[in-house]
Amino acid sequence: MKQIIIEGNKPLSGTIKIGGAKNSVVALIPAAILSSGKVKITNVPSISDCDALFEILHLLNVNVEMQENVVLMDSKDLKNALIPENLSNKLRASYYFMGALLAKFKKVEMYFPGGCNIGSRPIDLHLKGFEALGAKIKKTKSKYTITAEELKGADIYLEFASVGATINIMIAATLAKGTTVIHNAAREAEIVNIAELLNNMGAKISGAGSDEITIKGVKKLHNAEVKVIPDRIEAGTYIIMGALLGNNLVIEGMVPEHNIVLLNKLQEMGVDFKLDNQRIILNRAKKLKPTNVRTVTYPGFPTDLGQPMSVLLTQADGISMFEETIWENRMGHVKYLNMMGANIVAERQHATITGPTKLHGEEITATDLRAGAALVAAGLIADGTTIIHDVEHILRGYERIINKLSDVGANIKIVDI
Ligand code: UD1
């Protein structure tokens with residue numbers, strides 16, 4: 001068990017370099033096993049979700065070599081093994097092995113996936129997609145068995161533009177016979193990155209990044225290379241921290257267009273920032289205006305930045321509204337922010353935040369990954385010492401967060417307890 005300890009109120013100066021996107025790499029790695037050859041993935045972030053995926057690859061007999069942020073995978077001896085429950089439980093994205101193993105072996109058996117406790121997180125849309133491609137699904141108390149004589153291209157209409165379902169169906173359809181069209185597909189930047197890898201491997205996918213993706217099935221996939229796109233959520237989190245505490249804080253290696261909605265909101269609030277190519281330079285503003293934030297699917301305001309953003313709203317002068325529309329359970333951090341001195345009234349998926357409120361250090365708990373990032377932001381602006389428990393959630397998705405923040409002046413450490 002680990003704890004993060006922060007002595008707050010230190011200005012942040014210097015440069016934070018953004019790593020590869022968690023939500024991209026956790027799909028790129030499973031997608032890469034479709035190749036009969038070798039796949040090189042660069043800009044791989046050093047996060048514990050990747051470690052869990054490497055353990056899964058090992059079980060599936062995939063040869064994995066790692067050097068710094070480069071991963072080389074060779075799936076020529078891939079075997080179809082049941083991933084143990086304690087492993088598939090470690091991260092949500094283990095479900096991408098469903099689509100990949102189904103495509104390769106026409107059969108996959110898998111325990112229910114894990115992941116953050118931010119809502120009920122069904123996978124019915126993934127399963128309906130597999131069924132549309134010709135698969136049969138058997139569900140028992142703890143696992144799914146999915147089989148298909150052959151996978152055949154189909155027209156698939158998603159009821160909701162689910163990121164996971166879009167990617168999983170895209171992966172499964174890559175080796176199907178004929179053409180698949182995913183209608184109402186999710187449009188996240190990460191989906192474009194996954195399609196890029198699959199196309200580099202020889203797949204025929206067009207339309208990724210729009211709400212209609214067409215996948216013409218191919219028989220076999222070959223050697224390929226891909227670079228993980230910069231993590232827009234990591235970038236957004238540090239941008240918010242820079243708005244709170246920046247003293248010429250530079251966020252480098254991001255794609256500003258992927259965070260355009262966040263940047264527009266910050267501008268509206270009067271945050272002092274300057275865009276300079278692929279960098280953003282932030283300074284703490286004297287006064288912040290309140291605003292309303294409503295999380296929606298990409299390219300709208302990302303749900304994964306809602307919680308960190310709520311910390312910024314505690315520092316705005318007036319009443320802000322925060323509405324979460326994607327997940328039912330994303331207010332877990334509010335109780336802790338209020339303990340620290342915030343004035344937030346939250347009910348289900350809505351919160352009214354009255355600011356500005358001075359925060360003070362407390363002993364608090366990260367209830368999920370992004371709640372954890374929000375609490376780190378709160379600890380950074382609080383007077384005194386903040387101790388955060390259950391920080392394993394944070395390490396799942398923020399690479400070297402302690403080093404990145406201490407390098408720019410934060411007084412933050414992680415300890416084993
Ligand atoms: C991904 C991201 C997560 C982000 C989310 C929304 C990864 C690894 N995780 O999660 O960080 O918060 O997108 O941007 O990429 N739903 C269904 N049935 C399904 C699938 C989803 O009803 O079969 C619902 C969910 O309950 C939720 C909504 O759709 O309310 C969004 O889910 P989805 O887009 O699938 O999120 P994930 O891919 O799980």
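Refer to the structure printed above.
Below you will find a few notes about this structure.

Conventions used here
- Residues numbered from 1 in each chain as written.
- Predicted model: local features only at pLDDT ≥ 70, side-chain atom pairs only at ≥ 80, totals over all residues.
- Heavy atoms only, no water.
- Helix = DSSP H or I, 4+ residues; strand = E, 2+ residues; numbered from the N terminus.
- Rg over C-alpha atoms; globule rule 2.2 N^0.38 Å.
- Buried < 20%, exposed > 50% of the residue type's maximum accessible area, 1.4 Å probe, protein only.
- Pairing = 2+ DSSP bridges.
- Contact = heavy atoms within 4.5 Å.
- Expected span 1.5 Å × (residues − 1).
- Salt bridge = Lys/Arg side-chain N within 4 Å of Asp/Glu carboxyl O.
- Axes fitted to C-alpha atoms, helices over the stretch in contact; angles between N-to-C directions.
- Near = heavy atom within 4 Å.
- Polar contact = N/O pair within 3.5 Å; in protein donor to acceptor, adjacent residues only side chain to side chain.
- Parallel < 35°, antiparallel > 145°, perpendicular 65-115°, else oblique.
- Nonpolar A, V, L, I, M, F, W, Y, C, P; charged D, E, K, R; others polar.

Here we look at the overall build of the protein chain
Logical step 1: Counting its regular elements, the protein chain contains 14 helices and 23 strands.
Logical step 2: Its C-alpha radius of gyration of 21 Å places the protein chain within 12% of the 22 Å reference for a compact globule of 417 residues.
Logical step 3: Projected onto its principal axes, the C-alpha coordinates of the protein chain cover approximately 60 × 45 × 40 Å.
Logical step 4: The 417 residues of the protein chain split such that 58% are buried.

Observations concerning the pairing of strand S14 (residues 246-252)
Logical step 1: Where strand S2 (residues 12-17) and S14 come together, 5 bridges link them in parallel fashion. Opposite glycine 14, over in S14, you have leucine 249 as the bridge partner.
Logical step 2: As defined by bridge partners, S14 adjoins strand S16 (residues 279-283) across 5 bridges and the pair is classed as antiparallel. Each bridged residue has a counterpart across the sheet, and for isoleucine 251 the counterpart in S16 is isoleucine 280.

Considering the environment of threonine 179
Logical step 1: Inspection of the secondary structure assignment puts threonine 179 in strand S10 (residues 179-183).
Logical step 2: Non-local contacts of threonine 179, meaning those with residues more than four positions away in its chain, are made with Gly153, Ala154, Thr214, Ile215 and Lys216.

A closer look at helix H7 (residues 189-200)
Logical step 1: With 12 residues, H7 extends 17 Å between its outermost C-alpha atoms, agreeing within 8% with the 16 Å of an ideal straight helix rising 1.5 Å per residue.
Logical step 2: For H7, the set of buried residues is Ala189, Glu190, Ile191, Asn193, Ile194, Ala195, Leu197 and Leu198.
Logical step 3: Downstream of H7 by a residue or two, glycine 202 has a phi angle that is positive, lying close to 115°.

Considering the pattern of salt bridges
Logical step 1: Enumeration according to the criterion identifies 18 salt bridges in this entry.
Logical step 2: Lysine 287 is the salt-bridge partner of aspartate 317, the closest N and O atoms lying 3.0 Å from each other. Here aspartate 317 is found in the loop between helix H10 (306-313) and strand S18 (318-324), whereas its partner lysine 287 is found in the loop between S16 and strand S17 (292-295), with 30 residues between them in sequence.
Logical step 3: Overall, aspartate 317 belongs to the partly exposed group, its relative accessible area being 37%.
Logical step 4: Across the pair glutamate 399 and lysine 404 runs a salt bridge whose closest N-O atoms are separated by 3.2 Å.

Regarding the sheet that holds strand S12 (residues 212-216)
Logical step 1: Overall, mixed pairing links the 4 strands, which are arranged S9-S10-S12-S11 in an open sheet. Only two strands of the sheet have a single partner each, and these edge strands are strand S9 (155-157) and strand S11 (204-206). For this sheet, the mean angle separating the axes of adjacent strands, direction not counted, is 15°.
Logical step 2: Bridge count for S10 against S12 is 5 bridges, and the pairing is antiparallel. Its bridge partner being in S12, histidine 183 is matched across the sheet by glutamate 212.
Logical step 3: Sitting on the sheet, helix H6 (residues 163-174) touches S9, S10, S11 and S12, and the angle it makes with S12 is about 20°.

Some points on helix H5 (residues 124-132)
Logical step 1: Among the residues of H5, Leu125, His126, Leu127, Gly129 and Phe130 are the ones counted as buried.
Logical step 2: Looking at the residues trailing H5, positive phi occurs at glycine 134, about 110°.

Remarks on the site of the ligand
Logical step 1: What surrounds the ligand is a group of 20 residues, the closest being Asp124, Leu125, Ser162, Asp304 and Ile326.
Logical step 2: In this structure, leucine 125 approaches the ligand through a main-chain N or O atom, which is 2.7 Å from an oxygen atom.
Logical step 3: At 2.6 Å, a backbone N or O of isoleucine 326 approaches an oxygen atom of the ligand.
Logical step 4: Among the secondary structure elements, those contributing two or more residues to the shell around the ligand are helix H1 (22-32), H5 and H6.

Brief notes about the packing of H1 against helix H2 (residues 48-59)
Logical step 1: Viewed as axis vectors pointing N to C, H1 and H2 meet at an angle of 5°, and their least axial separation amounts to 10 Å. Comparing their axes, H2 and H1 come out roughly parallel. Residues Lys22, Val25, Val26, Ile29 and Pro30 of H1 form the contact with H2, whose own contacting residues are Asp49, Cys50, Leu53, Phe54 and Leu57.
Logical step 2: Class assignment of the residues belonging to the contact of H1 with H2 gives a composition of 8 nonpolar, no polar and 2 charged.

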